[in-house]
Amino acid sequence: DAGITQSPRHKVTETGTPVTLRCHQTENHRYMYWYRQDPGHGLRLIHYSYGVKDTDKGEVSDGYSVSRSKTEDFLLTLESATSSQTSVYFCAISGASNYGYTFGSGTRLTVV
Amino acid sequence: DQQVKQNSPSLSVQEGRISILNCDYTNSMFDYFLWYKKYPAEGPTFLISISSIKDKNEDGRFTVFLNKSAKHLSLHIVPSQPGDSAVYFCAARPYNQGGKLIFGQGTELSVKP
């Protein structure tokens, strides 16, 4: 019954390669977010979107870009992966009328 | 500069007792505070929230308290159950910033039978 799915769930990639993570929602929510989770840092916002083609940076956006060409899809791209980007990445969605998020199950990315 | 802080990385309590998880914040420009619960290999799930104009919100075994003068938030779980063992994140929503949330570092709660 997941209204939000992330793909892939796991990925190992080499330093310097581009990587794209996908978030797909079926809730027609306006807002979508990408967070990364790291020990000692909790969840930190990378980028977010408040509509198709409308995106903005979060607190840890360096090295990441995003795109949202359709309401249902929010893509996170690491242009040239580095070891410091090894992390668990979570996508989240929220509607205009609520303040809570629904999170995806996460993508565990390892950069070697 | 961490605007939302959870200073205890871990907490261990006995089943049936009270669990108290704490969170401090440094910015007064938040309109909502939330708690999320996270199990391993899953995404965080929403637990309970409180508006900045309230000082208490209760939902079953979970109660959140907000002390605005101290810029302090706490989550009480009574009675604690082994299934409550998880990582708990507090989060704060800034006014008029697209609904984004700022999260604390998380506290891992272990409830022992």
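Remember, it's a predicted structure, so these values are computed and weren't measured experimentally.

Undergrad: For this particular structure, what's the right way to read the side chain of S52(B)?
TA: With respect to the helices, strands and loops of the structure, S52(B) is situated in the loop between strand 5 (45–51) and strand 6 (56–59). The residues touching S52(B), leaving out its near neighbours within four places in the chain, are F30(B), D31(B), F33(B), L66(B), K68(B) and Y95(B).

Undergrad: Would you mind going over unusual backbone geometry with me for this structure?
TA: Following S7(A), the chain continues to P8(A) via a peptide bond in cis, the omega torsion being -10°. Here P8(A) lies in the loop between strand 1 (4–7) and strand 2 (10–13). Note the cis peptide between V78(B) and P79(B), where omega equals -10°. For P79(B), the position within the fold is in the loop between strand 8 (72–77) and strand 9 (86–94). Unlike most non-glycine residues, A41(B) shows phi in positive territory, near 65°. Relative to the assigned elements, A41(B) resides in the loop between strand 4 (30–38) and strand 5. Using a relative accessible area of 66% as the deciding quantity, one classes A41(B) as exposed. With a phi angle near 55°, K71(B) is a residue other than glycine that sits in the positive phi range. By relative accessible area, K71(B) is classed as partly exposed at 26%.

Undergrad: In this structure, what is going on with the environment of L101(B)? I would like to understand it.
TA: Within the secondary structure layout, L101(B) lies in the loop between strand 9 and strand 10 (102–103). Classification of L101(B) by relative accessible area gives buried; the value is 2%.

Undergrad: Would you mind showing me how to read the sheet that holds strand 1 of chain A here?
TA: Whether parallel or antiparallel, the strands of a sheet pair through hydrogen bonds between backbone atoms. Residues and elements named next belong to chain A. The 4 strands lie next to each other as 1-3-8-7, forming an open sheet whose pairing is antiparallel. The sheet is open, and its two borders are formed by strand 1 and strand 7 (64–70), each paired with just one other strand. Within this sheet the neighbouring strands show an average axis-to-axis angle of 20°, counted without direction. Sheet topology places strand 7 next to strand 8 (residues 73–78); 5 bridges connect them, and they run antiparallel. The residue of strand 8 that forms the bridge with V66 is L76.

Undergrad: Can you help me understand the layout of surface pockets in this one?
TA: Rolled over the atoms, a probe sized like a water molecule indicates the empty space that remains. Counted as a void, the largest pocket has a volume near 490 Å³. What lines the largest pocket is a set of 29 residues, among which Q37(A), V88(A), R108(A), K38(B) and A41(B) lie closest to the centre. Taken together, the elements giving at least two residues each to the lining of the largest pocket come down to strand 4 (31–38), strand 9 (87–94) and strand 11 (107–111) of chain A together with strand 9 of chain B. For the lining of the largest pocket, the leading source of residues is strand 11 of chain A, giving 4 residues. Looking at side-chain class alone, the lining of the largest pocket contains 10 nonpolar, 13 polar and 6 charged residues.

Undergrad: Honestly, the pattern of salt bridges in this entry has me stumped. Any pointers?
TA: Where charged atoms from two side chains of opposite charge come close, those side chains can pair. Considering all chains together, one arrives at 7 salt bridges over all chains under this definition. Here R93(B) and D31(B) are joined by a salt bridge, their closest N and O atoms 2.8 Å apart. Of the two residues, R93(B) is situated in strand 9 and D31(B) in strand 4; the sequence distance between them amounts to 62 residues. Across the pair R61(B) and D84(B) runs a salt bridge whose closest N-O atoms are separated by 2.8 Å. In this pair, R61(B) sits in the loop between strand 6 and strand 7 (62–67) while D84(B) sits in the loop between strand 8 and strand 9, placing the two residues 23 residues apart along the sequence. Each of the salt bridges in this network shares a partner with another, and the network as a whole consists of R22(A), K70(A) and D73(A).

Undergrad: Please explain the interface of chain B and chain A as it appears in this structure.
TA: The extent of an interface is frequently quoted as the accessible surface area lost upon association of the parts. Contact residues are listed per partner, giving 21 residues for chain B and 19 residues for chain A. Regarding the contact of chain B and chain A, the summed buried area is about 1,600 Å², with carbon and sulfur atoms giving 60% of it. If you sort the residues of chain B by the area they bury against chain A, P44(B), K100(B) and F103(B) come out on top, with a joint share of 28%. Counting across the chain B and chain A interface gives 0 salt bridges. Of all the secondary-structure elements, those providing two or more residues to the side of chain B that touches chain A are strand 4, strand 5 and strand 9 of chain B. No other element matches the 4 residues that strand 4 of chain B contributes to the side of chain B that touches chain A.

Cut-off values and rules
Residues numbered from 1 in each chain as written. Chains lettered and ligands numbered in written order. Predicted model: local features only at pLDDT ≥ 70, side-chain atom pairs only at ≥ 80, totals over all residues. Heavy atoms only, no water. Helix = DSSP H or I, 4+ residues; strand = E, 2+ residues; numbered from the N terminus. Contact = heavy atoms within 4.5 Å. Buried < 20%, exposed > 50% of the residue type's maximum accessible area, 1.4 Å probe, protein only. Pairing = 2+ DSSP bridges. Axes fitted to C-alpha atoms, helices over the stretch in contact; angles between N-to-C directions. 1 Å grid on protein atoms, 1.4 Å probe; cavity = no way out; pocket = protein on both sides within 12 Å on 5 of 7 lines; lining within 4 Å. Points joined across faces, edges and corners; volume = space filled by probe spheres on them. Nonpolar A, V, L, I, M, F, W, Y, C, P; charged D, E, K, R; others polar. Salt bridge = Lys/Arg side-chain N within 4 Å of Asp/Glu carboxyl O. Buried area = accessible area lost by both parts, 1.4 Å probe.

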